[in-house]
Amino acid sequence: MGSKRSLGRSFGWLWAAYAVSAFGTRLAFDAFPMIAILVLHAGPAEVSVLAAAGLAVGAVVAVPLGPWVEFRRKRPVMVAMDLVRFAALLSLPAAYALGRLGFAQLVVVSVIVAAADIAFRAASGAYLKSLVPPRDLLVANGRFESTTWTTTLIGPPLGTTAIGLLGPMVTVVADAVSYLLSAAGIRAIGGGEPHPARTAAPRLRAGGLLEGWRYLLAHPTLRPLLFNTVLVNALIMATAPLLAVLMLGRLGFAPWQYGLAFAVPCVGGMIGSRLAGPLVARFGQRKVMLASGTLRACWPLGLAFVGPGVAGMVLVMAVELGLITCIGVFNTVYATYRLEHTATDQVARALSAWTVTAKAATAALTGLWGLLAGITGPRTAIALAGLFLLATPFLLPRHDNAPSQERKPAPVAT
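This text gives an overview of the structure that appears in the document. The model shown is predicted, which means the values in this text are computed figures rather than measured ones.

## Considerations on the packing of aromatic side chains
And then number 1: Within this structure, the stated rule accounts for 6 aromatic pairs.
And then number 2: Look at Phe11 and Phe144: their rings are 5.5 Å apart centre to centre, the planes differ by 55 degrees, and that puts the pair in the tilted class. Placement of the pair is Phe11 in helix α1 (residues 9-27) and Phe144 in helix α7 (residues 137-166), with a sequence separation of 133 residues.
And then number 3: A relative accessible area of 2% means that Phe11 is categorised as buried.
And then number 4: Sitting over the face of the ring of Phe120, Arg85 holds its NZ or CZ atom 4.7 Å from the ring centroid.
And then number 5: Residue placement shows Arg296 over the ring face of Phe330; its charged tip is 3.9 Å from the ring centre.

Set out below in structure tokens:
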């Protein structure tokens, strides 16, 4: 696949911007709950509200952003969303320094960041499709996926160490600065970007807001892929707090052991993202997506059997390594497949609808699985999520039924 070849200066700047913002985000991983607990002395109910509100309300706020992004040049939108996140995050240490930080501000900032993140993802996906030739989309997405897992491996351990030494606000400041650097990197891309032609009325209407979902639900291959990815990601994320309660509470793992158990397996994501290209070249895109998507659903059930001590840590690491390696392959291939099968004039709206759906589903299932764990216990709830995941491969597209004109390579913007 030639994964080491250059994709050009413009992609280099985009990749650098992504890397710095991803590192900042991972460095500040769990910073909001830690601020709520350590600074505002919030209880479990408030921390749960904070986690769900950022996803759910941010997704609702972001609904009109899809069609808004579609008819604007994507690079200025990306810069604007980076600056919005920079300003919102920086308001937290400013309020803390003045003794004015409250729980409500923490919730509002989480909502703003979530909404801006959705708009940024929609714009960046559409921009990538115009920036990179169709033959290089898999290589580009592989580099993004590898960067994601590299920063996930390095960021959280550094972040928790920094919080322990300097307090919880230090990683928030670092995350804010990373968005500022990302905006600078995107501006450095330079060059012209054509203004998208309008295909609808200038004002946003209710029908326009739903166009992204209409497009996805009417598409014969993107529809099952949407259902699969949303459900798999939501079930995996819904069990994350339950596993933390089980390991840090009943099983007596120290925080550093818990962090290590989930940090080390991120190497699998780096491996998987690099394997995606050669696997597609040998077996074909659809077969690799189907196989990796099926395999990633088989691992999480093993987490229900975690026990105390070294054996428990080894089990978690082994399960997570297998899971993340499969995710690394799948995400690289599916992100490319999704761009290739989405009409150019629908990319921003479709990606926005996709991300809104994913965040809303994750918020809903996180709350539902929390209630389920309260009734059955965390181990049983984790096992039930694992059993449900075993059924998700049936939602993967088995055949490429997309209309032939949508599979034609998209023209490269000049």
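From this point, things continue past the structure.
## Re the packing of helix α11 (residues 222-250) against helix α15 (residues 309-340)
And then number 1: With their axes 13 Å apart at the nearest point, α11 and α15 run at an angle of 155 degrees to one another. When the axes of α11 and α15 are compared, the pair comes out roughly antiparallel. Handedness of the crossing formed by α11 with α15: left-handed. For the pair α11 and α15, contact is made by Leu222, Leu225, Asn228, Thr229, Ile236 and Met247 and by Val316, Leu323, Ile327, Phe330, Tyr334, Tyr337 and Arg338, respectively.
And then number 2: Tallied by class, the residues present in the contact of α11 with α15 amount to 10 nonpolar, 2 polar and 1 charged.

## Regarding helix α5 (residues 74-97)
And then number 1: Here α5 spans 35 Å end to end across 24 residues, near enough to the 34 Å set by a 1.5 Å rise per residue.
And then number 2: A positive phi of about 75 degrees marks Gly99, the residue just after α5.

Criteria and thresholds
- Residues numbered from 1 in each chain as written.
- Predicted model: local features only at pLDDT ≥ 70, side-chain atom pairs only at ≥ 80, totals over all residues.
- Heavy atoms only, no water.
- Phe/Tyr/Trp six-rings, centres within 6.5 Å; stacked < 30°, edge-to-face > 60°.
- Helix = DSSP H or I, 4+ residues; strand = E, 2+ residues; numbered from the N terminus.
- Buried < 20%, exposed > 50% of the residue type's maximum accessible area, 1.4 Å probe, protein only.
- Lys NZ or Arg CZ within 6 Å of the ring centre and 35° of its normal.
- Axes fitted to C-alpha atoms, helices over the stretch in contact; angles between N-to-C directions.
- Parallel < 35°, antiparallel > 145°, perpendicular 65-115°, else oblique.
- Left-handed = near helix turned anticlockwise from the far one by under 90°.
- Contact = heavy atoms within 4.5 Å.
- Nonpolar A, V, L, I, M, F, W, Y, C, P; charged D, E, K, R; others polar.
- Expected span 1.5 Å × (residues − 1).

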